[in-house]
There are 2 protein chains.
Amino acid sequence: MAQATLYERVRQRTAVAVTERDVERVLTALYAAGSAPEGGAPDAGAGAGADVDVWTLMGACDVPLVALPALLEELERDGLLVRRGDRLALTPKGLRLVEERGWAPSSPRQLRCPACRGRGLDLGAEPFKGLLKRFREVVRGRPEPQQAYDQGYVTPETTIARLALMRRRGDLAGKRLIVLGDDDLLGLAAALEGSARRIVVLELDPQLVAFMERARERWGLTSLEIHRHDLRDPLPDELVGAFDTFATDPIESLPGLLLFLSRGLCALRGRGSAGHFGLTRHEASPEKWLKLQRWLTARGACITDCLDRFNEYLNWPYWEAMRARRWLRIESPPQSVWYRSTQIRLELVEPQAYPNEPYRGALEDEELATT
Amino acid sequence: MAQATLYERVRQRTAVAVTERDVERVLTALYAAGSAPEGGAPDAGAGAGADVDVWTLMGACDVPLVALPALLEELERDGLLVRRGDRLALTPKGLRLVEERGWAPSSPRQLRCPACRGRGLDLGAEPFKGLLKRFREVVRGRPEPQQAYDQGYVTPETTIARLALMRRRGDLAGKRLIVLGDDDLLGLAAALEGSARRIVVLELDPQLVAFMERARERWGLTSLEIHRHDLRDPLPDELVGAFDTFATDPIESLPGLLLFLSRGLCALRGRGSAGHFGLTRHEASPEKWLKLQRWLTARGACITDCLDRFNEYLNWPYWEAMRARRWLRIESPPQSVWYRSTQIRLELVEPQAYPNEPYRGALEDEELATT
């Protein structure tokens, strides 16, 4: 079989392991894409053979981006797909393989609840009804994402959905919340929502800090505390062990993830405190997910929620400079949301003394694709 | 403050730790319950002070059932709630505490998407449209749950939703599925759905096995293989390493969980294979969740999905005999679904040689509440 050798060839060329599942993910994403109506089932007849742009495939197939260029090339070499410019399509041979294997199209949109976009939350209910509209108004004119700070922010709906998840889990109302890096402006949204007892935002980018400070004054969100802070530096003493909840959307290199999450753990008050963070499949391989979960459980934290494709990111202006674009030789900018992440909630079960030391190591790894 | 000593008193009386969060969970569940319309926000004015039956509270508060009797008694002793027969209500003092702390009501129903009951899946889309109706027909006349086998089955909607989750994650279509213990009749549902390449069910209860065999013949579901098997015995050789996906809903004692999941891991083919299982907060404390996650990650499996309240269980006939009823001295049967669990999906990242030995130890622990 072509596949048996194919992913061995890919494996030799990439930093992360690729399995038959990844071959299936790419081929079925191509099989399904282009024809699936939002929330509905794809029409196999119409979808088969339709071409898809590379961004859409990147967003649909759940394969680490670092492995995707070699995988696509080897699939093309084996005659399973064809690439023309920025567009990809299954060949008749690829189509036959998907059908013979019985891999039904599994578009990410397929089977997703259209009412809540798969998050399971009703944002039309109070206290979130109306909040989204006010949040959009407050963040108007916000600074654009900067690559130097690994920025790239989520849709306003995502920010509000994160708050709704916190609220539903008892992590927001009457609680002390710290946001570690906040280009999503979650702190402003929480201040607007109004149920938290304390909200502290730590942010490195002076432009973002200035924007948040102006918004706080303009909209009277005086409960919000904003500190300019580099997370590589230890948390200030008064923030250690002082929060019920942390929220962060870390840089996804393994050292970056562990740095952001260790600051988060350090900020928590103790047993029953919670952390919320995002993690992609684009920049974090299954190996990285596993390492992270070993690290968290070793530190006494267990995962209580893990919500696939919860976070949707708006496209950022530096798309041309990002690694994944160069790796995949993409010519044109993305046309719609393609970068998504899983939202994870952890609960502190066996608190420990978490170190609060400066970090001066690297914040990169091979899998980072948006730097 | 009353709470500072209260949960220390509870701690002395129970097998699992109780935190201020658990006090909050009980009080806010009482605060919110009784007034929250399905999927909507509770009306604090109407809800405050309304009384709730013990079953509803058990289902709403996410506190391990083994700790709940002592917690309720100590909360009553401190004058925060009052119990009359099977019904509980906040006192004015309890009400004031919830309001002073800013713990807004966080009913489990609050903020839940009404269209998908919070699961995020659209069961109205093909191939699941119609499947639920056929499944209800096929399972008509099924045997009632038996306490001897720790049975208690989920709603038909839940069974179909589990299949939809598998399908969406690429764990069903064209795949080999093994179901380890199947009082939910997931195997029959998967055979009806029809996209799996192989479906094997292992079940101990001869009545269930006979029912499944009859249904297979009657409805022509010949793809379904049913074996009578005790999971304490090793998996038959031909089933070891032979499946892309396992599904199970284990007995929730720690040894039971590890036994069922170790059989599941043993059945998987390798990297990229997946497991789906349920886990409650009723019978599994946060400590047990953490131990389980440490065990899984040590065995090379990472969690990719963790969906709170995904599984809803129909009430079983042996409610009078269950521990939780005796612990809580409940007089009358539950009126609606109260027992729920989180559906968890794991992915095998670093496969190991998993032992396949007989198990002759206990299958109980202190936290089991439905035995």
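This structure is a prediction, so every number in the text was calculated from the model and none was measured.

1. Some remarks on the overall build of chain A
Inference 1: Helix and strand counts for chain A stand at 13 helices and ten strands.
Inference 2: C-alpha extents for chain A along the principal axes are approximately 60 × 40 × 35 Å.
Inference 3: Buried positions account for 65% of the 371 residues belonging to chain A.
Inference 4: Taking the contacts inside chain A whose residues are at least 6 apart along the sequence as the reference set, 78% of them involve residues at least 24 apart.
Inference 5: As presented, chain A carries roughly 13,000 Å² of accessible surface, and 49% of it is formed by carbon and sulfur atoms.
Inference 6: Side chains of chain A carry 51 positive and 53 negative charges; the gap between the two charge centres is 2 Å.

2. Considering the interface of chain B and chain A
When the parts come together, some accessible area is lost, and that loss is often what is quoted as the size of the interface.
Inference 1: Taken residue by residue, the interface counts 66 residues in chain B and 66 residues in chain A.
Inference 2: Between chain B and chain A, a total of about 5,400 Å² is buried, with carbon and sulfur atoms accounting for 49% of that surface.
Inference 3: The three residues of chain B that bury the most area against chain A are R21(B), L111(B) and R168(B), which together make up 15% of that side's buried surface.
Inference 4: A salt bridge links E287(B) to R271(A); its shortest N-O distance comes to 2.3 Å.
Inference 5: The tally of links from chain B across to chain A stands at 24 residue pairs in polar contact (both at pLDDT 80 or more).
Inference 6: For the side of chain B that touches chain A, the secondary structure elements donating two or more residues are helix 2 (20-32), helix 8 (156-168), helix 12 (286-298), strand 9 (301-312) and strand 10 (340-348) of chain B.
Inference 7: Among the elements that take part in the side of chain B that touches chain A, strand 9 of chain B stands out by supplying nine residues, more than any other.

3. Observations regarding the confidence of the model for chain A
Inference 1: Overall, the prediction assigns chain A a mean pLDDT of 91, with 93% of residues at 70 or greater.
Inference 2: Reported confidences for the modelled complex are a pTM of 0.95 and an ipTM of 0.94.

4. Things to note about the pattern of salt bridges
Once their charged atoms are close, side chains differing in charge can pair, the charge on each being opposite to the other.
Residues and elements named next belong to chain A.
Inference 1: Applying the stated criterion across every chain yields a total of 76 salt bridges over all chains.
Inference 2: Across the pair R269 and D244 runs a salt bridge, and its minimum N-O distance is 3.0 Å. In this pair, R269 is assigned in the loop between helix 11 (254-267) and strand 8 (274-279) and D244 in the loop between strand 6 (224-228) and strand 7 (245-248), connecting sequence segments 25 residues apart.
Inference 3: Overall, D244 belongs to the buried group, its relative accessible area being 6%.

5. Describing the relation of the copies chain B and chain A
Inference 1: It takes a turn of 180 degrees to lay chain B on chain A, together with a shift of 0.0 Å along the axis; the resulting RMSD is 0.0 Å. When the rotation and shift are considered jointly, the pair of chain copies conforms to a two-fold rotation axis.
Inference 2: Taken together, the interface assignments show that 100% of the residues at the interface of chain B recur at the interface of chain A, consistent with an identical surface on both copies.

6. Quick word on the sheet that holds strand 1 (residues 52-53) of chain B
Residue and element names in this part refer to chain B.
Inference 1: Across the sheet, three strands lie side by side as 1-3-2; this open sheet has antiparallel pairing. Each edge of the open sheet carries a strand with a single partner, namely strand 1 and strand 2 (81-84).
Inference 2: Examined bridge by bridge, strand 2 and strand 3 (residues 87-90) share four bridges and lie antiparallel to one another. Looking at the pairing, R83 lines up with L88 of strand 3.
Inference 3: Taken strand by strand, helix 2 contacts strand 1, strand 2 and strand 3, and its axis lies near 95 degrees from that of strand 3.

Parameters and conventions
Residues numbered from 1 in each chain as written. Chains lettered and ligands numbered in written order. Predicted model: local features only at pLDDT ≥ 70, side-chain atom pairs only at ≥ 80, totals over all residues. Heavy atoms only, no water. Helix = DSSP H or I, 4+ residues; strand = E, 2+ residues; numbered from the N terminus. Buried < 20%, exposed > 50% of the residue type's maximum accessible area, 1.4 Å probe, protein only. Contact = heavy atoms within 4.5 Å. Areas by Shrake-Rupley, 256 points an atom, 1.4 Å probe, with all protein chains shown as cover. Lys, Arg positive; Asp, Glu negative; His and termini not counted. Charge placed at Lys NZ, Arg CZ, Asp CG, Glu CD. Buried area = accessible area lost by both parts, 1.4 Å probe. Salt bridge = Lys/Arg side-chain N within 4 Å of Asp/Glu carboxyl O. Polar contact = N/O pair within 3.5 Å; in protein donor to acceptor, adjacent residues only side chain to side chain. pLDDT = per-residue confidence, 0-100. Least-squares fit on C-alpha atoms with pLDDT ≥ 70 in both. Pairing = 2+ DSSP bridges. Axes fitted to C-alpha atoms, helices over the stretch in contact; angles between N-to-C directions.

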